[in-house]
Amino acid sequence: MEVRTRFAPSPTGFMHIGNLRTALYAYLYARANGGKFIIRIEDTDQGRYVDGAVDVIFNTLKQAGIDYDEGPGKEVGGYSYVQSERKAIYKKYAEELIRRGGAYYCFCKGRDMTDGGTVKYDKRCLRLSKEEVAERLARGDSYVVRQNIPDTDGVSSYTDLVYGEISVAYKDMEDAVLLKSDGMPTYNFANVVDDHLMGITHVIRGNEYLSSTPKYNLIYDAFGWERPQYIHLPPIMKDKERKLSKRYGDANFDDFVKKGYLPKAIVNYIALLGWSPKNNEEMMSMDDLIRLFNVEGVNISPAIFDEAKLRWLNGSYIKNMTVPEFVEAARPFLDASKVGGKYDYSLLAPLLIPRVEVLSEIPDLVNFLEEFGDYDTSIFTHQKMKTDGAVALTALNAALPAIRATDGWDMTVLHDTLVATAENVGLKKGQMLWSFRIAITGRASTPGGATEMAELLGKEECIKRMEHSIALLTR
RNA sequence: GGCCCCUUGGUCAAGCGGUUAAGACAUCGCCCUUUCACGGCGGUUACAUGGGUUCGAAUCCCGUAGGGGUCACCA
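Keep in mind it's a predicted model, so treat the numbers as computed, not measured.

## Quick word on the protein's contact with RNA strand B
Here is step 1: Close to RNA strand B lie 58 residues; Thr44, Lys180, Glu282, Arg355 and Gly448 are nearest.
Here is step 2: Put simply, 70% of the atoms of RNA strand B that lie within 4 Å of the protein are in sugar or phosphate.
Here is step 3: The contact in question runs from a phosphate oxygen of RNA strand B to an N or O atom on the side chain of Trp312, over 3.4 Å.
Here is step 4: Between a base oxygen of RNA strand B and a side-chain N or O atom of Thr451, the distance comes to 3.3 Å.
Here is step 5: If you list the elements that add at least two residues to the surface near RNA strand B, you get strand E6 (164-169), strand E11 (303-304), helix H10 (307-319), helix H16 (429-441) and helix H17 (450-457).
Here is step 6: Partitioning the surface near RNA strand B into residue classes produces 22 nonpolar, 17 polar and 19 charged.

Right, dumping it as structure tokens:
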């Protein structure tokens, strides 16, 4: 039988990392088994609808490299994949479920329907006579449809593919509302009906549904439908006790992209949060993930999101980029920096590639190219290099005329010139290069060595900066 | 509180009755080196806890503690 999985988000805002991971696993499971991946929009709560939220979902999936076989825009089944457009279907099935004894009409209002101190609904409307129900319906009384949980000692169990056997006693379940008074189904009902109608074979979702799944299974049973397999996923945590959620604002896919994380790295990282491949590989493309994904590798306990590791992974992806690839990815960040448009980005790229972990670090790394003024001359002092202000001054005074006299301007020429000058004034090569580099950049650390920086800046700018530095040192 | 679930280093995570308890990130140290990085090498750090079962338990069972989830006309 063909595997069919689905991702069924409700359009209530942004796509956060936890949702994305659920989508990813559902997608991988389908692809790994040669099945179909379906997208369904769960917008039955009219009060929570957020404009544009559906676009966010699709944009995110697209960026993440997750494609789908059926869903909005790909109505293969000949029906809508948006729940609000399926209202009539749920009503029809709710009525059938009532006929089958799996549900009943309830006319109770709000909280007064509860029995004294107990929170659990007391099934009082189940005891209404057929006539009375018909009469109230005919009268147009507002109603909901409730699931009829057996009033016996039984238990409902199922075997989750990652958590194993889960059992919940009937007495611990409540007659949940299946159809709301506005005619919309609740998740409890819409999910079961849609998953069945859409032929979903494996339900993959967060483990907050672990203990309510037996209830859903009872609905499948009442309809005489085959129950799907379940794959519940542990949550992704912000820390030991807090779940990563959009409420904390920092868990949205878009935010990570804006910060300079590559979608591929994000996908790779979240694939690893809650799952690991047999061979323990860490850097995996989508194709690798599809090839390696298996339920056995899915973890059972919560995973804390570790941005440090994401950074490392992102850096690894950057290191694997070619210069053109890097320039393309880094362009927005380069454009936004002080060097924006003023340098040949492909000259900057080789310097940046091994040094950047997150693209947003780029401006800080390159701004000195356009930014130069007074700086703290104590940075000339370096123990290992045996330099200080005095050494630097000697070095620079000797280097300035030599630099002025250079014929040609490339790293080799610069290197030879500086080394020869150092020898002339009795300085070590390192003393010269360290002093020179700081003099032309005003920084203790730079994304490249002295000659690389000089080549980038050009002769004139170098001379200007050397003069300025000499002035600073003699001040 | 009832019910369901979880518990290997700071973090991710191998392990599925017998291992010197992998690997990765982070961290620390060394090497390389014209700075910073990259890279290379090495170190520190873990089976929540108490009982069983067993010749033998991180692995199986029970309790305890801690944590999460759920108990909506939200999903």
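There is more to say, and it comes next.
## Some thoughts on the nonpolar core
Here is step 1: Counting 143 residues, the largest nonpolar core has Phe189, Phe326 and Ile362 as the members making the most contacts within it.
Here is step 2: Among the elements that line this core, the one with the most residues is helix H1 (residues 17-32), at 10 residues.
Here is step 3: Other than its neighbours up to four places away in sequence, Phe189 contacts Tyr90, Tyr93, Ala94, Leu97, Leu178, Leu179, Ile219 and Phe223.
Here is step 4: In terms of nonpolar packing, the next biggest core, distinct from the first, is built from 6 residues, Cys106, Cys108, Tyr121 and Val144 among them.

## What to know about the sheet that holds strand E4 (residues 144-147)
Remark on secondary structure: sheet strands pair via backbone hydrogen bonds, oriented parallel or antiparallel.
Here is step 1: Strand order in this open sheet of 3 strands is E3-E4-E7, and the pairing throughout is antiparallel. If you trace the sheet from one side to the other, it starts and ends with strand E3 (103-106) and strand E7 (177-179), each paired once. Taken pair by pair, the neighbouring strands of this sheet meet at an average axis angle of 45 degrees, ignoring direction.
Here is step 2: Bridging between E3 and E4 involves 4 bridges; their strand directions are antiparallel. By the bridge assignment, Tyr104 is partnered in E4 with Arg146.

## Some thoughts on the layout of surface pockets
Here is step 1: The volume enclosed by the largest pocket comes to roughly 1100 Å³.
Here is step 2: Lining the largest pocket are 43 residues, with Ala8, Ser10, Asn19, Glu208 and Tyr209 positioned closest to its centre.
Here is step 3: For the lining of the largest pocket, the secondary-structure elements that each account for two or more residues are strand E1 (4-7), H1, helix H2 (53-64), helix H5 (187-197) and strand E8 (202-206).
Here is step 4: It is H1 that provides the largest number of residues to the lining of the largest pocket, a total of 4 residues.

## Regarding empty space enclosed by the protein
Here is step 1: Overall, the coordinates contain 2 cavities of 30 Å³ or more when judged by the stated rule.
Here is step 2: Of the volumes computed, that of the largest cavity is approximately 40 Å³.
Here is step 3: Leu348, Leu351, Leu352, Val366, Phe368, Leu369, Pro447, Met453 and Leu456 are the residues that line the largest cavity.
Here is step 4: At the level of secondary structure, the elements contributing two or more residues to the lining of the largest cavity comprise helix H12 (345-352) and H17.
Here is step 5: Considering each element in turn, the lining of the largest cavity owes the most residues, 3 residues, to H12.
Here is step 6: A breakdown of the residues in the lining of the largest cavity according to their chemical character gives 9 nonpolar, no polar and no charged.
Here is step 7: The space that makes up the second largest cavity amounts to roughly 40 Å³.
Here is step 8: Those elements that provide at least two residues to the lining of the second largest cavity are H5, E8 and helix H6 (213-223).
Here is step 9: If one sorts the elements of the lining of the second largest cavity by residue count, H5 sits on top with 3 residues.
Here is step 10: Here the lining of the second largest cavity is composed, by residue class, of 5 nonpolar, 1 polar and 2 charged.

## Quick word on the pattern of salt bridges
Two side chains of opposite charge can pair, provided their charged atoms sit close to one another.
Here is step 1: What the rule picks out here adds up to 34 salt bridges.
Here is step 2: Measuring nitrogen to oxygen at the nearest pair gives 3.4 Å for the salt bridge that ties Arg48 to Asp45.
Here is step 3: Through salt bridges that share partners, Arg6, Arg40, Glu42, Arg86, Asp194 and Asp195 make up one connected network.

Here is what the cut-offs are and how they apply
Residues numbered from 1 in each chain as written. Chains lettered and ligands numbered in written order. Predicted model: local features only at pLDDT ≥ 70, side-chain atom pairs only at ≥ 80, totals over all residues. Heavy atoms only, no water. Near = heavy atom within 4 Å. Polar contact = N/O pair within 3.5 Å; in protein donor to acceptor, adjacent residues only side chain to side chain. Helix = DSSP H or I, 4+ residues; strand = E, 2+ residues; numbered from the N terminus. Nonpolar A, V, L, I, M, F, W, Y, C, P; charged D, E, K, R; others polar. Core = buried A, V, L, I, M, F, W, Y, C linked by side-chain atoms within 4.5 Å. Buried < 20%, exposed > 50% of the residue type's maximum accessible area, 1.4 Å probe, protein only. Contact = heavy atoms within 4.5 Å. Pairing = 2+ DSSP bridges. Axes fitted to C-alpha atoms, helices over the stretch in contact; angles between N-to-C directions. 1 Å grid on protein atoms, 1.4 Å probe; cavity = no way out; pocket = protein on both sides within 12 Å on 5 of 7 lines; lining within 4 Å. Points joined across faces, edges and corners; volume = space filled by probe spheres on them. Salt bridge = Lys/Arg side-chain N within 4 Å of Asp/Glu carboxyl O.

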